Amino acid sequence: MRIFTSKKLAYVVALALTGALAGCGSDGKDGVDGAPGTPGTPGTPGTPGEPWVPPPVTSSTVTNVKVLNYSFGEGNITYEFQITDENGNLINGLKNAEAKVAALTDKGFINNRNEADKTDASGNPVKDNVNIGGAATQATEGALLTSLGDGHYSFKAPMKGVNAGTEGIVWLRVGGNAETGIARSAPLVVNKPEGTHSTTTDSCYSCHVDYSTSPRRHASYVATGMDSEVTFVEGCLVCHGSVSFAAKNAEGFSIGGYATNTLSKIGHINHQKFTKDFSVMNCSSCHVEAPTNISVSGPGCIDCHNTGGVPGAIVPSNGADVRPMHEGKTGITERQALRAKYKVSLSTPVKVADISTKADHIAEDWTYNATNPNGNRPNPGTVPAEAGWCTTLKVTDVDGNIFNIKDNFNYTDVFDIKKPIVYAGAYLHSYENGSLVGRPGNRTNYFYGYNTDGTKNICHSDTDTTPVNANYVYSARVTFSTAGWMEYDGNQRYQSNGKLRANGYDGSMGVSFTAYSDVVDPATATKVSAFERRTVVSDNSCTTCHNDATAFHKNGAFDEGGKACVACHDNGMARTSATLGAGFGPMVHSWHWGNGANVGEMKADGTQAKTANGAGAINPVTSCVACHETAIDLNKIPNQYILEPGSKMTSPVTANCYACHTGDAVKAHMASNGGEISVPAVGDWFKQPTGESCAVCHNTGSSSGIDKYHNFTRK
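Treat the numbers as computed from the prediction; the structure is a model and nothing was measured.

### Concerning the overall build of the protein chain
Looking only at helices and strands, the protein chain features 13 helices and 31 strands. Dimensions of the protein chain along its principal axes, counting C-alpha atoms only, are 105 × 75 × 55 Å. Within the span of the protein chain, comprising 715 residues, buried residues form 47% of the whole. Of all intrachain contacts in the protein chain linking residues separated by at least 6 positions in sequence, the fraction that spans at least 24 positions is 67%. For the protein chain, the accessible area works out to roughly 33800 Å², and carbon and sulfur atoms hold 53% of it. Once the 57 positive and 66 negative side-chain charges of the protein chain are each reduced to a mean point, those two points are 4 Å apart.

### Some points on the nonpolar core
Counting 28 residues, the largest nonpolar core has Leu393, Val395, Ile405, Ile421, Val478 and Phe480 as the members making the most contacts within it. Among the elements of the structure, β13 (342–346), β16 (388–397), β17 (421–432), β19 (447–450), β21 (471–480) and β24 (511–516) are those that each provide at least two residues to this core. Excluding residues that lie within four positions of it along the chain, phenylalanine 480 makes contacts with Leu338, Tyr342, Val395, Phe403, Pro420, Ile421, Gly510, Val511 and Phe513.

### Section: the packing of aromatic side chains
To describe a pair of aromatic rings, one takes the distance between the centres and the angle between the planes. A complete count under the given rule lists 18 aromatic pairs for this structure. Considering the side-chain rings of phenylalanine 274 and phenylalanine 278, the 5.3 Å spacing of their centres and the 80° angle between planes classify their relative orientation as edge-to-face. A relative accessible area of 11% places phenylalanine 278 in the buried class. Here the aromatic residues Tyr342, Phe403, Phe480 and Phe513 are joined through ring pairs into a cluster of three or more. Positioned above the aromatic ring of phenylalanine 253 is the side chain of lysine 118, whose terminal nitrogen or guanidinium carbon lies 5.2 Å from the ring centre.

### Things to note about the state of the cysteines
Following the criterion strictly, the structure yields two disulfides and no others. Between cysteine 207 and cysteine 545 runs a disulfide, and the two sulfur atoms are separated by 2.4 Å. Here the S-S torsion is close to -140°, and the disulfide linking cysteine 207 with cysteine 545 is therefore left-handed. Here the residue cysteine 207 occupies a position in helix α2 (residues 201–208), and cysteine 545 occupies one in the loop between β26 (526–529) and β27 (551–553), the gap between them amounting to 338 residues. The pair cysteine 207 / cysteine 545 is uniform in exposure class, with both members buried. Two residues share a disulfide in this structure: cysteine 390 and cysteine 459, whose sulfurs sit 2.1 Å from each other. Residues cysteine 390 and cysteine 459 are joined by a disulfide whose S-S torsion is about 115°; by sign, that bridge is right-handed. Linking cysteine 390 in strand β16 with cysteine 459 in strand β20 (residues 456–461), this pair joins segments that are 69 residues apart in sequence.

### Concerning the pattern of salt bridges
Counted according to the given criterion, the structure contains 16 salt bridges. Between lysine 95 and glutamate 179 there is a salt bridge, and its shortest N-O distance comes to 3.0 Å. Taken together, the residues lysine 95 in the loop between β3 (76–84) and β4 (97–105) and glutamate 179 in the loop between β11 (168–174) and β12 (188–191) connect sequence positions 84 residues apart. Given a relative accessible area of 42%, lysine 95 falls into the partly exposed group. For aspartate 506, the salt bridge goes to lysine 554, with nearest N and O atoms at 3.3 Å.

### So, the pairing of β24
Within β24, six of the six residues are buried, leaving the element largely enclosed by the surrounding structure. Of the two faces of β24, the one lined by Val511, Phe513 and Ala515 and the one lined by Ser512, Thr514 and Tyr516 are each fully buried. Bridge count for β21 against β24 is six bridges, and the pairing is antiparallel. Of the residues in β24, the one forming a bridge with serine 475 is tyrosine 516.

### A few points about unusual backbone geometry
Residue asparagine 433 is not a glycine yet carries a positive backbone phi of 55°. With respect to the element layout, asparagine 433 can be found in the loop between β17 and β18 (435–438). Judged by its relative accessible area of 48%, asparagine 433 is partly exposed. One non-glycine residue, serine 678, lies in positive phi territory at about 55°.

### A look at the sheet that holds strand β30 (residues 648–650)
Taken in spatial order, the three strands of this open sheet run β29-β30-β31, and their pairing is antiparallel. In this open sheet, the two edge strands, each paired with only one partner strand, are β29 (642–644) and β31 (679–680). In this sheet, β30 lies alongside β29 in antiparallel orientation, the contact comprising three bridges. Across the sheet, isoleucine 642 pairs through a bridge with threonine 650, a residue of β30.

### Quick notes on the pairing of β11
When you tally the buried positions in β11, you get seven out of seven residues, the bulk of the element. Bridge analysis of β4 against β11 gives seven bridges, and the strand direction is antiparallel. In the sheet register, alanine 97 faces β11, and the bridge partner there is valine 174. Taken together, the three bridges between β11 and β12 define a ladder with antiparallel strand orientation. Bridge assignment links valine 170 to a residue of β12, and that residue is asparagine 191.

### Observations regarding the side chain of serine 538
Examined against the element boundaries, serine 538 turns out to sit in the loop between β26 and β27. Note on serine 538: relative accessible area 13%, which makes it buried. In terms of polar contacts, serine 538 uses its side chain to reach the side chain of asparagine 540, at 2.9 Å. Polar side-chain contacts of serine 538 include one of 2.9 Å to the side chain of serine 541.

### Things to note about the environment of isoleucine 637
The topology assignment puts isoleucine 637 in the loop between α10 (620–623) and β29. Residues isoleucine 637 and glycine 108, spaced 529 residues apart in sequence, show a C-alpha to C-alpha distance of 51 Å. Beyond its immediate sequence surroundings of up to four residues, isoleucine 637 is in contact with Arg534, Ile632, Pro652 and Val653.

### What about the side chain of histidine 553?
Relative to the elements of secondary structure, histidine 553 occurs in strand β27. Discounting residues that sit within four places of it in the chain, histidine 553 has contacts with Tyr505, Asp506, Gly507, Ser508 and His569.

### Let's talk about helix α6 (residues 332–341)
Residues of α6 that are buried: Ile332, Arg335 and Leu338. Along the axis of α6, the buried positions cluster into a sector of 125°, meaning they face one direction only.

### Regarding the confidence of the model for the protein chain
Per-residue confidence for the protein chain gives a mean pLDDT of 92, with 93% of residues at or over 70. Scored below 50 in pLDDT, residues 1–29 shows 40 contacts in the model against residues more than four places distant or in partner chains.

### Concerning the environment of aspartate 227
Within the secondary structure layout, aspartate 227 lies in the loop between α2 and α3 (232–237). For the pair formed by aspartate 227 and valine 189, sequence separation is 38 residues and the distance between their alpha carbons is 9.9 Å.

### So, the environment of histidine 589
The residue histidine 589 is located in helix α9 (residues 584–593) in this model. In this structure, the C-alpha to C-alpha distance between histidine 589 and serine 623, residues 34 residues apart in sequence, is 9.7 Å.

About the cut-offs
- Residues numbered from 1 in each chain as written.
- Predicted model: local features only at pLDDT ≥ 70, side-chain atom pairs only at ≥ 80, totals over all residues.
- Heavy atoms only, no water.
- Helix = DSSP H or I, 4+ residues; strand = E, 2+ residues; numbered from the N terminus.
- Buried < 20%, exposed > 50% of the residue type's maximum accessible area, 1.4 Å probe, protein only.
- Contact = heavy atoms within 4.5 Å.
- Areas by Shrake-Rupley, 256 points an atom, 1.4 Å probe, with all protein chains shown as cover.
- Lys, Arg positive; Asp, Glu negative; His and termini not counted.
- Charge placed at Lys NZ, Arg CZ, Asp CG, Glu CD.
- Core = buried A, V, L, I, M, F, W, Y, C linked by side-chain atoms within 4.5 Å.
- Phe/Tyr/Trp six-rings, centres within 6.5 Å; stacked < 30°, edge-to-face > 60°.
- Lys NZ or Arg CZ within 6 Å of the ring centre and 35° of its normal.
- Disulfide = S-S within 2.5 Å.
- Salt bridge = Lys/Arg side-chain N within 4 Å of Asp/Glu carboxyl O.
- Pairing = 2+ DSSP bridges.
- Polar contact = N/O pair within 3.5 Å; in protein donor to acceptor, adjacent residues only side chain to side chain.
- Arc of directions from axis to C-beta.
- pLDDT = per-residue confidence, 0-100.

Following this line, the structure appears as structure tokens:
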């Protein structure tokens, strides 16, 4: 019989202590007195009385299981355990128990189903001849659930595929009988062999956060371990083992586990469309250590390298690591190396009397719309001798050497290994109170020139600039291409206006870098400060799930917590409405868990699906910690509106909340407390204070703080 170590027995001691402490009633009075102790003899103290133990209960809303020991026999496994309710009271009257064992074999973990007899070609009955691991309930023939005392039980579960030498994942779950009113317990992984797989709960939860709250299938099957730790991988492997149920022997019986989809197939195949720019080929995202099997015909590998559906035995890696091979083959290693090798910077913007002294080229995508007041002017043909703003864009390697932009620039949409740079542009922004509040410089109508040292000047003429009553700052993006690069990614998606992006996103397949210049006062042309961005996310918040080292679109990378994205999606860019998330933060909320999440997906027939994207696998309430390492201090959010299309604006805290919470009652609540949604914008809107008072009740730490209803802490 397997007897747990003192660490496990500590739970029994803890249970006894719980009983002792439970003597204090909810009204603060002492519990019932224990039985009197034995009177002492002169000079010898008496023995203490027995502590009061609360009476057992017969129902629960939560059922907790503590396994005291388990043992394998020939064709069976026996558990000894105690169960308590949500208040720590022992529970009597248990009628339901479930046991599973995924036996560790030379092919990995297998929990083989019991199958009905089959008939051979001659009509003779053939009995199930495969028994590996197994599963049983109290209703299984030969099962025995026995009460050993208050809250104390044994469960003998018959399983043909186990014996005294079985090693594997041992699983138990009890309760769930409507007649008794005893709640079904969470699954408990009683034993899990170490060193048998290279993925972990932490690697899965880096994106999935807490699958037990997910709206997707089997969330209630997330298991815990003996130390109450989440045991996600092993809990899944019990049914979704190493060999598919579809793998059959000559008689037609499965030689695999309970489920058709193995856990490796769920990871390797079913996650290929998990979310945009997530790659299953970035093996290190899930496999925190080298995979244990290196046989291409073995479990896991056959998910992609199909050898007929029946896996061979595991060939131990013994120090070999196949992750770099996969990551290198798909270009991830090269893209990561580029990211580590180069950096981009911008000089402090300068006001010049004649931009033609710094620029001799006109932007290739110069646009003009005679019917649009903001269409600016027709292409001037040559760089005019006009006053304007200029900055210098520089690319350097880790040693500080300048990488020549002109000599390495590819003007075509076909990959050229000798000219890796495919984009190098800059925007002139207005900047107020730590936010980009506009773009005075025309996006497409600008001038540029190359310097002899390999840097690039970018200038905006005053003629093409619409003054804004705020400071100025430049942003720049430089994109490197690698083999397989295309201008458009070819993955069709819908836009919020219902139109289809037939060629997919542009500027999404390269390695993009973003830089911001210092901030200057446009009236005096003097430096005001360095560019600062208020952040409440970490640098790897986006790249944890969007892991293929490319950009999202428009040469905007996921790195540094979306630093590139704010150049187009900050407070003054007016890119999306409040119902789809105005501004950067609200947009991220909406396009993961709000209305925006239902925009891009496409049905098989090419029409707009209007269903949630991959982020829908994460419960919105528990999702916050995927990006935010700590709870948000609402008092630190700048009291500044966020601009929307159509000359509208929304107050900032309201914009973030409304991105997910779009119901009429919620909207009315926000409005009654000063929140404003899609109201007409006013001049210098970014300098006008808002009237919202959300932080009074909902700031972190308050009785109704956002931390009470959203998860900012990982398990």
